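A structural walkthrough
Chain by chain, the residues run as shown.
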Amino acid sequence: MALGSNTTFYETPNHPYQDERIAEESGLLGKYGLKNKEELWRAESELRQYRREARNALGAAGGDESVAEAEHSEFVTRLQRLGILDEQESLADVLSLDVTDILERRLQTVVYRNGLANSVGQARQFISHGHITVNGSRVQRPSYKVYVSEEDAVAFDETSALSDELHPERGEDQ
């Protein structure tokens, strides 16, 4: 395990030089505009924690999904509020999640998907420069997890020059 800048732990790959894994990671870095592989490894570690909690819950209930679901409904509800699980999905569906499910909930990705930026890189820049708010509060962390209820409240800061629809950085399609 490596110690990150904000003291959150993450696991690095066991075998650092595997062509297939490196190519896959590079593709995800480009698609989601991640600064480095550490951000990807943090998301993968978060996913591992979710899966571990689901496995432990199912194991403690003796494999009975209904009992595990009742005892760990708060965990499932939290993942549903984050948008990682859909409303109809259950505890067993946590085991089939992919790292992209975690990456899609990052503020950087949500800003890009909502059309506030022309690329994921530009979305990262807008966020880190303080141009983006969530529920009226400025958020400067591209890795911020956006809840489903907050998704429509992601906007430009009204004091930002980018709040003007005619600003050249906003592009034609916004």
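These numbers come from a predicted model, not from an experiment. (Residues numbered from 1 in each chain as written. Predicted model: local features only at pLDDT ≥ 70, side-chain atom pairs only at ≥ 80, totals over all residues. Heavy atoms only, no water.)

Remarks on the packing of helix H1 (residues 19-32) against helix H2 (residues 37-60)
- Two numbers describe how H1 lies on H2: the axes approach to 10 Å, and their chain directions differ by 100°. It follows that H1 is roughly perpendicular to H2 by the angle criterion. In this structure, H1 contributes Ile-22, Glu-25, Ser-26, Leu-28 and Leu-29 to the contact, and H2 contributes Lys-37, Leu-40 and Trp-41.
- The residue inventory of the contact of H1 with H2, partitioned by class, reads five nonpolar, one polar and two charged. (Axes fitted to C-alpha atoms, helices over the stretch in contact; angles between N-to-C directions. Helix = DSSP H or I, 4+ residues; strand = E, 2+ residues; numbered from the N terminus. Parallel < 35°, antiparallel > 145°, perpendicular 65-115°, else oblique. Contact = heavy atoms within 4.5 Å. Nonpolar A, V, L, I, M, F, W, Y, C, P; charged D, E, K, R; others polar.)

Here we look at the nonpolar core
- Core analysis: the largest hydrophobic core is formed by 25 residues, its most contacted members being Tyr-50, Phe-75, Leu-91 and Val-94.
- Going through the elements one at a time, H1, H2, helix H4 (73-82) and helix H5 (99-103) are the ones with two or more residues in this core.
- Take this core: its biggest share by element is seven residues, from H2.
- With residues up to four places along the chain from it excluded, the contact list for Tyr-50 reads Phe-75, Arg-78, Leu-79, Leu-82, Ile-84, Val-94 and Ile-102.
- Counting 16 residues, the second largest nonpolar core, distinct from the first, contains Leu-107, Phe-126, Val-154 and Phe-156. (Core = buried A, V, L, I, M, F, W, Y, C linked by side-chain atoms within 4.5 Å. Buried < 20%, exposed > 50% of the residue type's maximum accessible area, 1.4 Å probe, protein only.)

Topic: the pattern of salt bridges
- Considering all chains together, one arrives at 10 salt bridges under this definition.
- Ionic pairing is found between Glu-39 and Arg-106, a salt bridge with its closest N-O pair at 3.8 Å. You can see Glu-39 sitting in helix H2 and its partner Arg-106 sitting in the loop between H5 and helix H6 (107-113), a full 67 residues away along the chain. Of the two residues, Glu-39 and Arg-106, neither departs from the other in class, the shared state being buried.
- A salt bridge links Glu-151 to Arg-105; its shortest N-O distance comes to 3.2 Å. Remark: Arg-105 occurs in the loop between H5 and H6 and Glu-151 occurs in the loop between strand E4 (137-138) and strand E5 (154-156); sequence separation between them is 46 residues.
- Assessed through its relative accessible area of 25%, Glu-151 is described here as partly exposed.
- Via salt bridges that share partners, Arg-21, Glu-25 and Lys-37 belong to a single interconnected network. (Salt bridge = Lys/Arg side-chain N within 4 Å of Asp/Glu carboxyl O.)

Some details on the UniProt feature "domain: RNA-binding S4" (unreviewed entry) in the chain
- Per the UniProt record, "domain: RNA-binding S4" (unreviewed entry) is found at residues 105-167.
- Secondary structure content for residues 105-167 is 25% helix and 13% strand, and the end C-alpha separation is 27 Å. (UniProt positions renumbered as here; feature names shortened; annotations may be inferred.)

Looking at H2
- Taking 1.5 Å as the rise per residue, H2 with 24 residues should run 34 Å; its terminal C-alpha atoms sit 34 Å apart, in good agreement.
- For H2, the set of buried residues is Glu-39, Leu-40, Trp-41, Arg-42, Ala-43, Ser-45, Glu-46, Leu-47, Tyr-50, Ala-54, Ala-57 and Leu-58.
- Where H2 is buried, its residues meet strand E2 (9-10), H1, helix H3 (65-71), H4, H5 and helix H7 (120-128).
- Among the residues of H2, the N-terminal cap falls to Asn-36, whose side-chain oxygen and the backbone nitrogen of Glu-38 are separated by 3.2 Å.
- Once H2 finishes, Gly-62 follows within two positions and takes phi at roughly 70°, a positive value. (Expected span 1.5 Å × (residues − 1). Polar contact = N/O pair within 3.5 Å; in protein donor to acceptor, adjacent residues only side chain to side chain.)

Structural notes on H7
- For H7, the complete set of buried residues consists of Val-120, Gln-122, Ala-123, Arg-124, Phe-126 and Ile-127.
- Those residues of H7 hidden inside the fold are in contact with H1, H2, H6, strand E3 (132-134) and E5.
- Positive phi shows up at Gly-130, right after H7, with a value of about 85°.

Some remarks on the environment of Glu-74
- Mapped onto the secondary structure, Glu-74 falls in helix H4.
- On the basis of relative accessible area, Glu-74 is assigned to the exposed category, the value being 68%.
- As a C-alpha pair, Glu-74 and Gln-125 span 51 residues in sequence and 35 Å in three-dimensional space.

With respect to the sheet that holds E4
- In spatial order, the strands read E4-E3-E5; together these three strands make up an open sheet with antiparallel pairing. The sheet is open, and its two edges are formed by E4 and E5, each paired on a single side.
- Where E3 meets E5, three bridges bridge the pair, whose relative direction is antiparallel. From the neighbouring strand, Val-134 faces E5, where its bridge partner is Val-154. (Pairing = 2+ DSSP bridges.)

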